[in-house]
Amino acid sequence: MGGDCGEGAGTGVRVGVVVGFPLGATLSASKREETAQVLKLGALDVDMVLNVGQLKSGTKEDFEAIRQDIRGVVELAHGAGAIVKVILETCLLTFEEKLRASELALSAGADFLKTSTGFSTGGATVDDIALLRGAAGTRAGVKASGGIRSLADATAMLKAGATRIGASASIKIIAELTGQAPAAGQTPATNQPGGY
């Protein structure tokens, strides 16, 4: 990536980058700096990891700090015409924490709620997608990410309310959809993390 190449080499595919990986525990200033740098390089989608440890601390001060953390990234991204997906890492959260995280992200201006990085103990579930869709309503999109390895998985997530799918098995899923076998060397390993 370089300059203002917000779409990958003429493909029409938006360039997306993760900041605060893997648990969102980096300083807010670091997340903003990461965001500023990837925007300069042409990113149009910024996926930021919510500070999971801070959310689990559960104090009003922590919740406000999380909101400001997200808001700082959102302001930079929106100023550059980019969108922000907040990764909640739902597999690590209780039901109440998922709702709290969703509200914090939405009140900070997030464009999407996203289930996971694909690198923790689990990925998207139909129940989590339905919960996030209920929390988001029409205010934001919902991205199912992590553990989506088949057309059936992707379809279930879309029916539950996902508006985007992140899957490392996307070639396999598209091949299932079109009824065509993927070209030699294009089938991703099924034991890979679930994707962004």
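Residues numbered from 1 in each chain as written. Predicted model: local features only at pLDDT ≥ 70, side-chain atom pairs only at ≥ 80, totals over all residues. Heavy atoms only, no water.

**Let's talk about the pairing of strand E3 (residues 83–87)**
Regular strands have side chains that alternate between both faces of the sheet. Of all the 5 residues making up E3, 5 are buried; the element is thus mostly covered by neighbouring parts of the structure. Burial along E3 is two-sided: the face carrying Ile 83, Lys 85 and Ile 87 and the face carrying Val 84 and Val 86 are both buried. Two elements, E3 and strand E4 (residues 112–114), share 3 bridges in a ladder whose sense is parallel. The residue of E4 that forms the bridge with Val 86 is Leu 113. What joins E3 to E4 is helix H4 (residues 95–107), and the crossover it makes is right-handed. (Buried < 20%, exposed > 50% of the residue type's maximum accessible area, 1.4 Å probe, protein only. Helix = DSSP H or I, 4+ residues; strand = E, 2+ residues; numbered from the N terminus. Pairing = 2+ DSSP bridges. Right-handed = clockwise from strand over helix to strand, strands pointing away.)

**Describing the pairing of strand E2 (residues 45–49)**
With 5 of 5 residues buried, E2 is to be regarded as a mostly interior element. Taking every second residue as pointing to the same face, both faces of E2 are buried, with Asp 45, Asp 47 and Val 49 on one and Val 46 and Met 48 on the other. With 4 bridges joining them, strand E1 (residues 16–19) and E2 adopt parallel strand pairing. Looking at E2, one finds that Val 18 is bridged to Asp 47. This β-α-β element, E1 to helix H1 (residues 28–40) to E2, shows right-handed connectivity.

What is shown is where atoms sit, not what they do.
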